[in-house]
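Residues per chain are reported as follows:
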2 protein chains.
Amino acid sequence: MKAHVTKKVLSEGLGLLERVVPSRSSNPLLTSLKVEASETGLTLSGTNLEIDLSCFVPAEVQEPKDFVVPAHLFAQIVRNLGGELVELELVGQELAVRAGGSDFKLQTGDTEAYPPLSFPSNADLSLNAEELARALGSVRYAASNEAFQAVFRGIKLEHHNETGSARVVASDGYRVAIRDFPASGDGRNLIIPARSVDELIRVLKDGEARFTYGEGMLSVTTDRVRMNLKLLDGDFPDYERVIPKDIKLQVTLPATALKEAVNRVAVLADKNANNRVEFLVSEGQLRLAAEGDYGRAQDTLAVTQGGVEPAMSLAFNARHVLDALGPIEGEAELLFSGSTSPAIFRASGGGGYMAVMVTLRV
Amino acid sequence: MKAHVTKKVLSEGLGLLERVVPSRSSNPLLTSLKVEASETGLTLSGTNLEIDLSCFVPAEVQEPKDFVVPAHLFAQIVRNLGGELVELELVGQELAVRAGGSDFKLQTGDTEAYPPLSFPSNADLSLNAEELARALGSVRYAASNEAFQAVFRGIKLEHHNETGSARVVASDGYRVAIRDFPASGDGRNLIIPARSVDELIRVLKDGEARFTYGEGMLSVTTDRVRMNLKLLDGDFPDYERVIPKDIKLQVTLPATALKEAVNRVAVLADKNANNRVEFLVSEGQLRLAAEGDYGRAQDTLAVTQGGVEPAMSLAFNARHVLDALGPIEGEAELLFSGSTSPAIFRASGGGGYMAVMVTLRV
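Here is what the cut-offs are and how they apply
- Residues numbered from 1 in each chain as written.
- Chains lettered and ligands numbered in written order.
- Predicted model: local features only at pLDDT ≥ 70, side-chain atom pairs only at ≥ 80, totals over all residues.
- Heavy atoms only, no water.
- UniProt positions renumbered as here; feature names shortened; annotations may be inferred.
- Helix = DSSP H or I, 4+ residues; strand = E, 2+ residues; numbered from the N terminus.
- 1 Å grid on protein atoms, 1.4 Å probe; cavity = no way out; pocket = protein on both sides within 12 Å on 5 of 7 lines; lining within 4 Å.
- Points joined across faces, edges and corners; volume = space filled by probe spheres on them.
- Nonpolar A, V, L, I, M, F, W, Y, C, P; charged D, E, K, R; others polar.
- Salt bridge = Lys/Arg side-chain N within 4 Å of Asp/Glu carboxyl O.
- Buried < 20%, exposed > 50% of the residue type's maximum accessible area, 1.4 Å probe, protein only.
- Least-squares fit on C-alpha atoms with pLDDT ≥ 70 in both.
- Expected span 1.5 Å × (residues − 1).
- Pairing = 2+ DSSP bridges.
- Axes fitted to C-alpha atoms, helices over the stretch in contact; angles between N-to-C directions.
- Contact = heavy atoms within 4.5 Å.
- Phe/Tyr/Trp six-rings, centres within 6.5 Å; stacked < 30°, edge-to-face > 60°.

Caption draft 1: Fine view of the UniProt feature "domain: DNA polymerase III beta sliding clamp central" (unreviewed entry) in chain A. According to UniProt, the "domain: DNA polymerase III beta sliding clamp central" (unreviewed entry) feature falls on residues 127-238 of chain A. Each end of residues 127-238 of chain A is marked by a C-alpha atom, and these two atoms are 25 Å apart; helix forms 19% of the span and strand 41%.

Caption draft 2: Region of the structure containing the layout of surface pockets. Roughly 770 Å³ of internal volume is contained in the largest pocket. Every residue lining the largest pocket is counted, 32 residues in all, and those nearest its centre are A:Val267, A:Lys271, A:Tyr294, B:Pro70 and B:Leu73. When residues of the lining of the largest pocket are traced back to their parent elements, those giving at least two are α5 (255-266) and α6 (318-325) of chain A together with β6 (67-70) and α2 (71-80) of chain B. Looking at the lining of the largest pocket, the element that brings in the most residues is α2(B), giving 5 residues. A per-class count over the lining of the largest pocket returns 13 nonpolar, 14 polar and 5 charged. Size it by volume and the second largest pocket reaches roughly 630 Å³. Along the wall of the second largest pocket there are 25 residues; nearest its centre are A:Leu73, A:Gln76, B:Val267, B:Lys271 and B:Tyr294.

Caption draft 3: Up close: the pattern of salt bridges. If you walk through the whole model with that rule in mind, you get 42 salt bridges over all chains. Across the pair A:Glu333 and A:Arg346 runs a salt bridge, and its minimum N-O distance is 2.8 Å. Placement of A:Glu333 in strand β24 (residues 331-336) and of A:Arg346 in strand β25 (residues 343-347) is noted, with a sequence separation of 13 residues between them. Given a relative accessible area of 10%, A:Glu333 falls into the buried group. Using a relative accessible area of 29% as the deciding quantity, one classes A:Arg346 as partly exposed. Its salt-bridge partner being B:Glu131, residue B:Arg134 comes within 3.9 Å of it at the nearest N-O pair.

Caption draft 4: Representation of the relation of the copies chain B and chain A within the structure. The transform that puts chain B on chain A rotates by 180° and translates by 0.0 Å along the axis, for an RMSD of 0.0 Å. Here the two chains are linked by the operation of a two-fold rotation axis.

Caption draft 5: How the structure looks around α5(A). Relative to the 16 Å expected for 12 residues at 1.5 Å per residue, α5(A) spans 16 Å between its end C-alpha atoms, a close match to the ideal helical length. Those residues of α5(A) that fall on the buried side of the exposure criterion are A:Ala255, A:Leu258, A:Ala261, A:Val262, A:Arg264, A:Val265 and A:Ala266.

Caption draft 6: Main features of the sheet that holds strand β17 (residues 225-230) of chain B. Residues and elements named next belong to chain B. The 8 strands lie next to each other as β6-β2-β3-β4-β17-β16-β15-β10, forming an open sheet whose pairing is antiparallel. Lying at the two open borders of the sheet, with one neighbouring strand each, are β6 and β10 (125-128). Between one strand axis and the next, the sheet turns by 20° as a mean value, whatever way the strands run. For strand β2 (residues 32-38) and strand β3 (residues 41-47), the ladder comprises 5 bridges, and the chain directions are antiparallel. Opposite Ala 37, over in β3, you have Leu 42 as the bridge partner. Set on the sheet, helix α3 (residues 129-139) makes contact with β10 and β15 (208-214); between it and β10 the angle comes to about 70°.

Caption draft 7: Summary view of the packing of aromatic side chains. Going through the model one piece at a time under the given rule, you end up with 12 aromatic pairs over all chains. Considering the side-chain rings of A:Phe279 and A:Phe345, the 6.5 Å spacing of their centres and the 50° angle between planes classify their relative orientation as tilted. On the criterion of sequence distance, the pair formed by A:Phe279 in strand β19 (residues 276-282) and A:Phe345 in strand β25 is long-range, its members being 66 residues apart. For the pair A:Phe279 and A:Phe345, a shared accessibility class is recorded, and that class is buried. Arranged with centres 5.0 Å apart and planes meeting at 85°, the rings of B:Phe279 and B:Phe316 form a pair that is edge-to-face. Here B:Phe316 lies in strand β23 (residues 311-317) and B:Phe279 lies in strand β19 (residues 276-282), a separation of 37 residues in the sequence.

Caption draft 8: Main features of the pairing of β25(A). All names here are of chain A. Of all 5 residues that make up β25, 4 are buried, and the element is covered over most of its length. By the bridge criterion, 5 bridges tie β24 to β25 in an arrangement that is antiparallel. Bridging from a neighbouring strand, Phe 336 pairs with Ala 343 of β25. Between β24 and β25, which pair antiparallel and follow one another directly, the connecting turn spans 6 residues, one of which, Gly 338, has a positive phi of 150°. Where β25 meets strand β26 (residues 353-357), 4 bridges bridge the pair, whose relative direction is antiparallel. Residue pairing across strands places Ile 344 opposite Val 356, the latter belonging to β26. Taken together, β25 and the strand that follows it, β26, pair antiparallel across an intervening segment of 5 residues, in which Gly 349 is found at a positive phi of about 90°.

See the structure below:
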């Protein structure tokens, strides 16, 4: 096996694999990646047993032969090479990596012992990769990294086939983040682990994301990569139930101004009391207030106010407010149903994103 | 006390203090800073008991009165404020911080109980601040952060009054970094803790650094700040002894090319064997080689070679080589006195910087 490949495309491919392949493992083979050589290029594959990832790198290849190499060392070596063209050659049990004045000999692993990774060639459904990535990115924050209940560590993907749309939902039990986006086809509902979603977002660029449904598994194929994602079992909580329907007061203001003001007053909020920040709405003003061991903070913002109630006082976790505002650009719309019932934060004028948050006790 | 001050200058001053004042301490007063108000401005002072730092901030002040506030909270609040002008007002036991729609009330501390900080007004010596900062920054890497012997955790400053120059020296016992720079006046030799040097470098910009010698202490005054640095006791090792005088082989090559090549081969160097990289010089070539559990690396660079010996083979810690090359721009000159005796790395054509390194056993 002898291959010539540009440093840039090989580095990019290895960069994607490096994020999935663990750098340490009780099974050392898992820290390696498998390279399948064909006449037209190299297919790099790796797995962390939650995600299988495969990526094709165009190359000029002579005498194709598969091999297994330590993923992170190989990636580091290629990244540091001088020159634009890299030569790879299998010499006995070693892979030679050459460029400019550099000559590396890297030990290869046992190809037979490497776990077999297979990726489907058919597709059940096709989504716009950019839309999907944006939707997943908007709700990711609301999934928990530690929650005891596994479903709170996942993101639910729902297909509303009748309305031609899809929805992603994440929740940690205290808040729900939702984003709808257009999608056609006959999709299934499923829950993807949030950590796998992070990697999925990273590989989704433009073009299409083709879905293939498997047993407890979703395969996603794009122009550049193929990915198998292990799914989470279990029932996602009935989040529709907590979305308030009866909005009593509503304010509109620039999202950036609100983010900055919450950031400011949160400095003095009590870390041991959920970073509590009070929201007081009345007479076209939103007053934010926080209090802690070292003093008190107050900030006043002008808002456009609507609804049947003339004034309301609520309290939120400042961190949750900032998270909820994250995906909102331009004007933010805050919909309040009462001091002790959940509130909705969304972009004024729609866009499909909505955050639902519990209030802290007054 | 009521003061008006621009957010920018107040933020900058607090930013300097924030680095010195600890965010946690068994003595909570140490996490505060003292503000001395005068008609023309505010003097902010803080200490971590190793370094006292003071910084003047121009402001319009009415009814001057001193106060003590939590340093990090105050800095964070000011940094997050909207608007360019900040109003400070002492209201009872609280400091009001106001700007735009924001109104903060910060608890103040006991001014009487705050440790008295005094800075000298006379100066014994004056150095160019930029030269001093560059010199200290060039040798800082060679000081140890953990060495058992305190002097290895310091940087020695020598005044060679007869030649009108000064020298900074750092060593961890395996390597020595030296930089000479022009200095006039009648200075003393002293050892500054490396961690204090980090802060000193940060406050030294252009202009003059005025030195005042005290009992176990050095005071440095610039246009912006005043600083007291506690000095290290003890005898700095006789580093002159390890500088090789009898150079047998000498190579010159671009510093960047050498850094890149060492970085490359170091990927495969054995972490448990001092990141060992071999240097083999012969026939106008420098060959670098490294070997570890996963393979072997080799890189060849063209060099200009001189000296009485036609070839030499040595080994270094790759990390130390990269550190030593750090301050060298343009061409690097490597001076070898033998396979088992120390080597010198310096910038070709002088500049006052020199790194001396032990070789690893062949």
